[in-house]
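# Analysis of the macromolecular model
What follows is each chain in one-letter form.
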Amino acid sequence: MDMLVMQISLFVLAVILGVELITKVPATLHTPLMSGSNAISGITLVGALLAAGSGEVGGIWTSVLGMVAVTLATINVVGGFLVTNRMLRMFRKRG
């Protein structure tokens, strides 16, 4: 029970810190920072693949949660690259 309380409090603290950090970023820097952090999310994708593919203790729940994590991390990475591509197109010369 103590471990669950610690994990929940750590999650709540991370959410509060994340919201505070994001609200302090100026609008001009928001898109480059978010697209970069989404690209870094590829590390999450590797971890999710390892979790989904491990046939270890946890059985079906590990595989299901790993599959959900793979799906969400893939959407995040692709979205990050799409935002970066769109942002870079704004700076191209039209001719």
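Residues numbered from 1 in each chain as written. Predicted model: local features only at pLDDT ≥ 70, side-chain atom pairs only at ≥ 80, totals over all residues. Heavy atoms only, no water.

## With respect to the packing of helix 3 (residues 42-53) against helix 4 (residues 60-89)
- Viewed as axis vectors pointing N to C, helix 3 and helix 4 meet at an angle of 160 degrees, and their least axial separation amounts to 8 Å. Our classification of the angle between helix 3 and helix 4 gives roughly antiparallel. Crossing geometry of helix 3 relative to helix 4 is assigned as left-handed. Residue-level contacts link Gly42, Thr44, Leu45, Ala48, Leu49, Ala51 and Ala52 of helix 3 to Thr62, Ser63, Gly66, Met67, Ala69, Val70, Ala73, Thr74 and Val77 of helix 4.
- Tallied by class, residues from the contact of helix 3 with helix 4 come to ten nonpolar, six polar and no charged. (Axes fitted to C-alpha atoms, helices over the stretch in contact; angles between N-to-C directions. Helix = DSSP H or I, 4+ residues; strand = E, 2+ residues; numbered from the N terminus. Parallel < 35°, antiparallel > 145°, perpendicular 65-115°, else oblique. Left-handed = near helix turned anticlockwise from the far one by under 90°. Contact = heavy atoms within 4.5 Å. Nonpolar A, V, L, I, M, F, W, Y, C, P; charged D, E, K, R; others polar.)

## Some points on a nonpolar patch on the surface
- On the surface, a nonpolar cluster with roughly 900 Å² of combined accessible area is contributed by Met1, Leu4, Val5, Ile8, Phe11, Val12, Val15, Ile16 and Val19.
- In this fold, valine 5 is placed in helix 1 (residues 2-24).
- A relative accessible area of 49% places valine 5 in the partly exposed class. (Patch = residues over 30% accessible without salt bridge, like charges linked within 9 Å, V, L, I, M, F, W, Y side chains within 5 Å. Areas by Shrake-Rupley, 256 points an atom, 1.4 Å probe, with all protein chains shown as cover. Salt bridge = Lys/Arg side-chain N within 4 Å of Asp/Glu carboxyl O. Buried < 20%, exposed > 50% of the residue type's maximum accessible area, 1.4 Å probe, protein only.)

## Overview of the pattern of salt bridges
- Under the criterion given, the structure shown has one salt bridge.
- With its nearest N and O atoms 3.4 Å apart, the salt bridge here joins lysine 24 to glutamate 20. Of this pair, lysine 24 and glutamate 20 both sit in helix 1, four residues apart, which is roughly one turn of that helix.

## Things to note about the confidence of the model for the protein chain
- Summary statistics for the protein chain give a mean pLDDT of 80 and a share of 87% for residues scoring 70 or more.
- Of all secondary-structure elements in the protein chain, the lowest mean pLDDT belongs to helix 2 (residues 27-40), at 70, while helix 1 reaches the highest, 89. (pLDDT = per-residue confidence, 0-100.)

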